[in-house]
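Here's the letter readout for the chains.
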Amino acid sequence: MVDETRAAAPTPWAELAAGPACPASLTALAGVDATALSGAQLVDAVVCAEKASSLLLGVQARLLAALAVPFAAVTRCGWP
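Described below are features of the structure shown in this document. Treat the numbers as computed from the prediction; the structure is a model and nothing was measured. (Residues numbered from 1 in each chain as written. Predicted model: local features only at pLDDT ≥ 70, side-chain atom pairs only at ≥ 80, totals over all residues. Heavy atoms only, no water.)

## So, the overall build of the protein chain
Part 1 of the reasoning: Scanning the protein chain from terminus to terminus reveals four helices and zero strands.
Part 2 of the reasoning: Mapped from its N terminus to its C terminus, the protein chain presents α and β elements in the order α-α-α-α.
Part 3 of the reasoning: Counting every position in the protein chain, which comprises 80 residues, the buried fraction comes to 15%.
Part 4 of the reasoning: Of the contacts made within the protein chain by residues no fewer than 6 positions apart, 50% connect residues no fewer than 24 positions apart.
Part 5 of the reasoning: Of the accessible surface of the protein chain, which amounts to about 6,200 Å², a share of 67% is contributed by carbon and sulfur atoms. (Helix = DSSP H or I, 4+ residues; strand = E, 2+ residues; numbered from the N terminus. Buried < 20%, exposed > 50% of the residue type's maximum accessible area, 1.4 Å probe, protein only. Contact = heavy atoms within 4.5 Å. Areas by Shrake-Rupley, 256 points an atom, 1.4 Å probe, with all protein chains shown as cover.)

In structure tokens:
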């Protein structure tokens, strides 16, 4: 049974902002309430968002490059 009386641990925005984008920072960003953050936390969350954006743009670029290979999409989708 889940104990719903325990408060969630506060997000360590300064630690997340100091490192590269990671699953923990992406998860924290997905559920953040910007109105609940202090000024310093808000700045750190913005830094995390910038790093996450860069990470996702890099992933998208690699995926688009793979898609640009002739017939890659057709072969991977199993089309004749």
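## Re the nonpolar core
Part 1 of the reasoning: Within the largest apolar cluster, seven residues are counted, these being Trp 13, Leu 16, Ala 17, Ala 28, Leu 37, Ala 45 and Cys 48.
Part 2 of the reasoning: At the level of elements, α1 (13–18) and α3 (39–67) are the ones that each hand at least two residues to this core.
Part 3 of the reasoning: Among the elements that take part in this core, α1 stands out by supplying three residues, more than any other.
Part 4 of the reasoning: Not counting the four nearest positions on each side in its chain, Ala 28 is found in contact with Thr 11, Trp 13 and Leu 16. (Core = buried A, V, L, I, M, F, W, Y, C linked by side-chain atoms within 4.5 Å.)

## Concerning α3
Part 1 of the reasoning: An ideal rise of 1.5 Å per residue puts 42 Å on 29 residues; α3 measures up with 42 Å between its terminal C-alpha atoms.
Part 2 of the reasoning: Among the structural elements, α1 and α2 (23–30) are those in contact with the buried residues of α3. (Expected span 1.5 Å × (residues − 1).)

## Notes on the side chain of Ser 25
Part 1 of the reasoning: Here Ser 25 lies in helix α2.
Part 2 of the reasoning: In terms of polar contacts, Ser 25 uses its side chain to reach the backbone amide nitrogen of Cys 22, at 2.9 Å.
Part 3 of the reasoning: The contact partners of Ser 25, leaving out residues within four places of it in the chain, are Leu 16 and Pro 20. (Polar contact = N/O pair within 3.5 Å; in protein donor to acceptor, adjacent residues only side chain to side chain.)

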